[in-house]
Amino acid sequence: AAIASKWEAASAEAASLRTERDKLEDALDEIQRAFKERAPLLRHQHQENQRLLLLNDRLASENGKLCQEVERLREAAEDAVARLTREQSRASLLSCHSEELGQQIALLVFDCECLKAQATGQPVPTPPAGLEAEASALGSHKAKFFRTVQEVCDQNENLKRQVMMLQDHYGTEAQR
């Protein structure tokens, strides 16, 4: 009786384990079937993931290069703006210098006409427009006389260099 009851218990347990095993095998078969159905999709997703990782690496590298290029261009733009500012300043100086040379030539011509008029006994001509004050200084001998036009040009070049040196010095100081 005890053996029979053990036998029945063991048989019941074996049947229960077989049923459990059958359920596990059915579940495993279902998982394998689902995996086989989804395997192409999973492979495709894996390939797409690998492609996107490579694309990400390439884009990160290109982004780094572009950032370096942007920095280089920004520095070049700053340099160009600084050069442009210097050139505009020089152009302004040259324009002023040109105007001054024109006025000085007009004064020299006027002075020559005055000297010629005095030598021939003719009336003194009217000074050029805008240069009346300078012409009156010529008449009263307050202005410095130059023997040649080259002396005037040399002095103007010297003054221009001094003005540019002062501008560079004070312009550099102002940028600090």
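What you see is a predicted model; the values in this text were computed from it and never measured. (Residues numbered from 1 in each chain as written. Predicted model: local features only at pLDDT ≥ 70, side-chain atom pairs only at ≥ 80, totals over all residues. Heavy atoms only, no water.)

(A) Quick look at helix H1 (residues 2–120). Between its terminal C-alpha atoms H1 stretches 164 Å, which fits the 177 Å expected from 119 residues at 1.5 Å a residue. All buried positions along H1 are accounted for by Ala34, Ala39, Leu93, His97, Leu107, Phe110, Asp111, Cys114 and Ala117. Two residues or fewer after H1 comes Gly121, characterised by a positive phi angle close to 80°. (Helix = DSSP H or I, 4+ residues; strand = E, 2+ residues; numbered from the N terminus. Expected span 1.5 Å × (residues − 1). Buried < 20%, exposed > 50% of the residue type's maximum accessible area, 1.4 Å probe, protein only.)

(B) Fine view of the confidence of the model for the protein chain. Taken as a whole, the protein chain shows an average pLDDT of 85; of its residues, 88% reach a score of 70 or greater. The least confident element of the protein chain, judged by mean pLDDT, is helix H2 (residues 132–139) at 62; the most confident is H1 at 91. (pLDDT = per-residue confidence, 0-100.)

(C) Expanded view of the pattern of salt bridges. Under the definition given, this model contains 11 salt bridges. For the salt bridge of Arg74 with Glu71, the shortest nitrogen-to-oxygen distance reads 2.4 Å. Remark: Glu71 and Arg74 occur in helix H1; sequence separation between them is three residues, near one turn of the helix. Its relative accessible area of 34% is what places Glu71 among the partly exposed residues. (Salt bridge = Lys/Arg side-chain N within 4 Å of Asp/Glu carboxyl O.)

(D) Inspection of the state of the cysteines at higher detail. What the rule picks out here adds up to zero disulfides. Residue Cys112 stays outside any disulfide, its sulfur separated by 9.3 Å from that of Cys114, the closest cysteine. (Disulfide = S-S within 2.5 Å.)

(E) Spatial organisation of the side chain of His97. Looking at where His97 falls in the secondary structure, it is placed in helix H1. The contacts of His97, once residues within four sequence positions are left out, are Asn156, Glu157 and Lys160. (Contact = heavy atoms within 4.5 Å.)

(F) Spotlight on the side chain of Asn156. By the secondary structure assignment, Asn156 is in helix H3 (residues 149–175). For Asn156, a relative accessible area of 4% gives the class buried. A polar atom in the side chain of Asn156 sits 2.5 Å from the side chain of Gln104. Residue contacts for Asn156: discarding those within four places in its chain leaves His97, Leu101 and Gln104. (Polar contact = N/O pair within 3.5 Å; in protein donor to acceptor, adjacent residues only side chain to side chain.)

(G) Summary view of the environment of Glu157. By the element assignment, Glu157 lies in helix H3. For the pair Glu157 and His97, spaced 60 residues apart in sequence, the C-alpha separation works out to 8.9 Å.

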